[in-house]
Number of protein chains: 2
Amino acid sequence: MKFLIQKERLSKSIQDVIKAVASRTTIPILIGIKIDATDEGVALTGSNSDISIKSFIPKEENDTELVDIIEPGSIVLQARFFSEIVRKLPDSIIEITVDDQFKTVIHSGNAEFVIHGLDAEEYPRLPIIDSEHSFTMPADLLITLVKQTVFAVSQSETRPILTGIHWVFENNELIAVATDSHRLALKKATLQTEFANNQAYNIVIPGKSLSELIKILEDNNQTLVEIFVTTNQILFKAKNLLFYSRLLEGKYPNTAKLIPTDNKTKVKINTKEFLQAVDRASLLAREGKNNVVKFTTMEQNMIEITSYTPEIGKVVEKVKSLSIEGEKIKISFSAKYMIDALRAIDGSEATIYFTGTMRPFVIKTDQDETILQLILPVRTF
Amino acid sequence: MKFLIQKERLSKSIQDVIKAVASRTTIPILIGIKIDATDEGVALTGSNSDISIKSFIPKEENDTELVDIIEPGSIVLQARFFSEIVRKLPDSIIEITVDDQFKTVIHSGNAEFVIHGLDAEEYPRLPIIDSEHSFTMPADLLITLVKQTVFAVSQSETRPILTGIHWVFENNELIAVATDSHRLALKKATLQTEFANNQAYNIVIPGKSLSELIKILEDNNQTLVEIFVTTNQILFKAKNLLFYSRLLEGKYPNTAKLIPTDNKTKVKINTKEFLQAVDRASLLAREGKNNVVKFTTMEQNMIEITSYTPEIGKVVEKVKSLSIEGEKIKISFSAKYMIDALRAIDGSEATIYFTGTMRPFVIKTDQDETILQLILPVRTF
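Criteria and thresholds
Residues numbered from 1 in each chain as written. Chains lettered and ligands numbered in written order. Predicted model: local features only at pLDDT ≥ 70, side-chain atom pairs only at ≥ 80, totals over all residues. Heavy atoms only, no water. Salt bridge = Lys/Arg side-chain N within 4 Å of Asp/Glu carboxyl O. Helix = DSSP H or I, 4+ residues; strand = E, 2+ residues; numbered from the N terminus. Phe/Tyr/Trp six-rings, centres within 6.5 Å; stacked < 30°, edge-to-face > 60°. Buried < 20%, exposed > 50% of the residue type's maximum accessible area, 1.4 Å probe, protein only. Lys NZ or Arg CZ within 6 Å of the ring centre and 35° of its normal. Expected span 1.5 Å × (residues − 1). Domains from an automatic or database assignment. Contact = heavy atoms within 4.5 Å. Buried area = accessible area lost by both parts, 1.4 Å probe. Nonpolar A, V, L, I, M, F, W, Y, C, P; charged D, E, K, R; others polar. Polar contact = N/O pair within 3.5 Å; in protein donor to acceptor, adjacent residues only side chain to side chain. Pairing = 2+ DSSP bridges. Axes fitted to C-alpha atoms, helices over the stretch in contact; angles between N-to-C directions. Patch = residues over 30% accessible without salt bridge, like charges linked within 9 Å, V, L, I, M, F, W, Y side chains within 5 Å. Areas by Shrake-Rupley, 256 points an atom, 1.4 Å probe, with all protein chains shown as cover. Lys, Arg positive; Asp, Glu negative; His and termini not counted. Charge placed at Lys NZ, Arg CZ, Asp CG, Glu CD. UniProt positions renumbered as here; feature names shortened; annotations may be inferred. Least-squares fit on C-alpha atoms with pLDDT ≥ 70 in both.

(A) Region of the structure containing the pattern of salt bridges. All names here are of chain A. Following the criterion strictly, the structure yields 40 salt bridges over all chains and no others. With its nearest N and O atoms 3.7 Å apart, the salt bridge here joins Glu 61 to Lys 239. Linking Glu 61 in strand β5 (residues 60-61) with Lys 239 in the loop between β17 (233-238) and β18 (241-246), this pair joins segments that are 178 residues apart in sequence. Three or more residues joined by partner-sharing salt bridges are found here, namely Asp 180, Arg 183, Lys 336 and Asp 340.

Next comes the structure, spelled out in structure tokens:
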């Protein structure tokens, strides 16, 4: 194998696929990145037990030569060293040569690295996607869909299914839900593809996989992503990128019944002002616990947010709401959950719908009907 | 006690003095910052067993009112909370009120924090500096003096004296030396003050203290620093700032005799190119060890830098030197020490003076005669 390649482009592809490379693994070859040089260009692959990422560098792009293949072939190189070497090479062009014994020479300017590669034949094959379902989505919509839900997945493995995001396809709609059983994030997206009722289906994708995916897509968010779903795998296909993730097995809980449909108090807020007040109040919320703050509606559309820690002191914040309708309310909740929810909503105004001190409450915004956040209160009163 | 103060200025002073506040301490009051409000302004103090920092905010500066003292007084507030609260307060003006019971109310905009303070009477007094020696130095020279030496202090407590920087005053010169016994950094500075031979003296200042000092001075590097030395303390006095450090006790080793005065090989290099080549070669230097690279002079003013790790592979770098004079040399050294030394020298060109494969070598630059770096080779040949 022998080829010349543009350093910047190779470095970018390494940064993408290395997200799938674990630093410790029971399968030694998986600490490597697989390189395949073919007549079409160079492909890099990284894999772990959850995700596999394949990044392709074509021979040419926009009339610029990116790769010059002298002899096709494959090799696996230790990911961390390969990444650091490429990043520090002196010249903008890199020459990579591999001999029969997997000895790999990386040459650039006056620097020459000789490293021991591994046999690419021993690298696991990527899953074959014989798709039952497929659809397309613009990358920016996919990124938003993930960002507005992924923070709410469970960080604990007690109920593994809750570490994933539930995607439900019905008609031409995708509903994404994440919950750690203390709060819930829901986001709807309209798809070009229509799923007839008898074709409706749902999957659960690990939250971590989707977090890695959107990091890669963010540099290239104007692209269109093709998505293929099988029984236990999902494949995201974008320009020069294949991103595979396993799906979580098991039945996702029925979350629809958790979301209250009525409300007794409706408080409309300026998101930024309210968020900053909650953030300050959370400073004195008891450390280690869930940063609980108290929220009380007052006269003249004022809200009072308070927090108290015996050893340190207390904080009282008064925020003017845009409107308060319905019954007075006094409720306690996690400042962190509220901050996460308001950041996800990402509008200048939001409305909180309360149905009582002990009942979950919902946060929505008139500016975007597709997103809903739900938080369970903490019983302190 | 009661005063109004500008948030930005208070926040800056907190960031300065908090550098002396340990998060864990056996003296509970030292997790606090002491606030003194007097008719002149507000002073903040932070202290640990090594350093004490006092930052002063005057009532007025350049015709701008910074502080409005309503009632003088003192209080000690938990440093971390106080710092976070001030940083997040909504308004540019902060009002701080303390009652007889040390209850402190911090008010800004619609936010009000009530925190328990501690009695300022219990806060340790700062050392009284009855100085035997004093002199002045521009802040930027002091910063350079520290930066060009501090990285070479010992990180180990085996020989505590080597964790400090040795300052020797003689005639009108200050010589600063740091060594961890594997490498040495030396920097000379000319002072305005003259120390007659019978007044010559030397001190050892903890490297950590000086690192903290220059972080604070860097925002204000055009100022003049007054320095007062006693038997066991040093005080740096800049505009609105007092910085005290303890001195290290014990005799600093005689380092002058370590520095070779002759040389057998003289290699002049382009600092940047050579540094990058050493950095790359160190990638494959055995992990955990001292990143040893081999340096060999070649024909036609070329230098070869190589590194080898059996499990990973090898690297060969060829760098053109500006000139090679004297005997051929083949020597091994720590890539990290070489990189540190070249970064400290901070000139476009440097000269390495070798006196043999087993002897320490010296790095200097024609562009700045006041700095010298010395590295002990590693025996691998």
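(B) Here's a closer look at the packing of aromatic side chains. Residue and element names in this part refer to chain A. Tallied over the entire structure, the rule returns 20 aromatic pairs over all chains. For the pair Trp 167 and Phe 236, a centre-to-centre distance of 6.3 Å together with 90° between the ring planes defines the contact as edge-to-face. Taken together, the residues span a long stretch of sequence, with Trp 167 in strand β13 (residues 164-179) and Phe 236 in strand β17 at a distance of 69 residues. The pair formed by Trp 167 and Phe 236 is uniform in burial state, with each residue classed as buried. Following the ring pairs from residue to residue traces out a cluster consisting of Phe 135, Trp 167, Phe 169, Tyr 201, Phe 236 and Phe 243. Across from the ring centre of Phe 81, 5.2 Å away, lies the NZ or CZ of Arg 80, which sits over that ring.

(C) Up close: helix α5 (residues 271-283) of chain A. Residues and elements named next belong to chain A. Taking 1.5 Å as the rise per residue, α5 with 13 residues should run 18 Å; its terminal C-alpha atoms sit 19 Å apart, in good agreement. Along α5, ten of the 13 residues are buried, which leaves the element largely enclosed by surrounding structure. Residues of α5 that are buried include every one of Thr 271, Phe 274, Leu 275, Ala 277, Val 278, Asp 279, Arg 280, Ala 281, Ser 282 and Leu 283, and no others.

(D) Geometry of the domain arrangement of chain A. Residue and element names in this part refer to chain A. Annotation of chain A at the domain level lists domain 1 (2-122), domain 2 (133-257) and domain 3 (259-375). Every contact between the two is made by 14 residues of domain 1 and, on the other side, 13 residues of domain 2. Across the domain 1/domain 2 interface, buried area totals approximately 1,100 Å², and carbon plus sulfur atoms make up 54% of it. At the boundary of domain 1 with domain 2, the tally comes to three salt bridges. Sorting the residues of the side of domain 1 that touches domain 2 by element identifies α1 (7-17) and β4 (51-58) as the ones contributing at least two each. A breakdown of the residues in the side of domain 1 that touches domain 2 according to their chemical character gives four nonpolar, three polar and seven charged.

(E) A look at helix α6 (residues 335-345) of chain B. Residues and elements named next belong to chain B. For α6, the buried fraction is high: nine of the eleven residues fall into the buried class. Among all positions in α6, only Ala 335, Tyr 337, Met 338, Ile 339, Asp 340, Ala 341, Leu 342, Ala 344 and Ile 345 are buried. For α6, the N-terminal capping position is held by Ser 334, with its side-chain oxygen 3.2 Å away from the main-chain nitrogen of Lys 336. Phi for Asp 346, located one or two positions after α6, is positive at around 55°.

(F) Expanded view of the sheet that holds strand β8 (residues 73-78) of chain B. Residue and element names in this part refer to chain B. Spatially, the eight strands line up as an open sheet ordered β8-β2-β3-β4-β18-β17-β16-β12, and their pairing is antiparallel. The sheet is open, and its two borders are formed by β8 and β12 (133-138), each paired with just one other strand. For this sheet the average axis-to-axis angle between neighbouring strands, irrespective of direction, equals 15°. Bridge count for strand β2 (residues 32-38) against strand β3 (residues 41-47) is five bridges, and the pairing is antiparallel. Paired with Ala 37 across the strands is Val 42, a residue of β3.

(G) Molecular detail of a negative patch on the surface. All names here are of chain A. Taken together, the side chains of Glu 60, Asp 63, Glu 65 and Asp 68 make up a negatively charged region of the molecular surface. Within the secondary structure layout, Asp 68 lies in strand β7 (residues 67-71). Asp 68 gets classed as partly exposed once you look at its relative accessible area, which sits at 31%.

(H) Region of interest: the side chain of Thr 351 of chain B. Examined against the element boundaries, Thr 351 of chain B turns out to sit in strand β25 (residues 349-354). In this view, Thr 351 of chain B contacts Lys 266, Val 267, Lys 268, Val 362, Ile 363 and Lys 364 of chain B; residues no more than four positions away in its chain are not counted.

(I) Layout of the interface of chain B and chain A. Taken residue by residue, the interface counts 28 residues in chain B and 28 residues in chain A. Contact between chain B and chain A buries roughly 2,700 Å² in total, counting both sides, with carbon and sulfur atoms accounting for 59%. In this structure, Lys 88 of chain B engages Asp 279 of chain A in a salt bridge whose closest nitrogen and oxygen atoms are separated by 3.0 Å. At the surface where chain B touches chain A, the tally comes to 14 residue pairs in polar contact (both at pLDDT 80 or more). Taken together, the elements giving at least two residues each to the side of chain B that touches chain A come down to α2 (79-88), β11 (111-116), α5 (271-283) and β22 (313-320) of chain B.

(J) Structural detail: unusual backbone geometry. Residue and element names in this part refer to chain B. The phi torsion at Asn 240 lies on the positive side, around 60°, for a residue other than glycine. Relative to the helices and strands, Asn 240 resides in the loop between β17 (233-238) and β18 (241-246). In this structure, Asn 301 is a non-glycine residue whose phi angle is positive, near 60°.

(K) Representation of the UniProt feature "domain: DNA polymerase III beta sliding clamp N-terminal" (unreviewed entry) in chain A. Mapped onto this numbering, the UniProt entry gives "domain: DNA polymerase III beta sliding clamp N-terminal" (unreviewed entry) at residues 1-127 of chain A. Between the C-alpha atoms that bound residues 1-127 of chain A there is a distance of 25 Å. The span itself is 17% helix and 47% strand.

(L) Looking closely at the environment of Glu 299 of chain B. Within the fold, Glu 299 of chain B resides in the loop between β20 (292-297) and β21 (302-309). Counting along the chain gives 229 residues from Glu 299 of chain B to Ile 70 of chain B, while the straight-line C-alpha distance between them is 78 Å.

(M) Fine view of the relation of the copies chain B and chain A. Of the two same-sequence chains, chain B is brought onto chain A (RMSD 0.0 Å, axial shift 0.0 Å) by a rotation of 180°. These values place the two chain copies in the arrangement generated by a two-fold rotation axis. Distance from the rotation axis, computed per C-alpha, reaches its smallest value in chain B at Ser 23 of chain B: 16 Å. In this assembly, 100% of the residues forming the interface of chain B have copies in chain A that are likewise at the interface, indicating an isologous arrangement.

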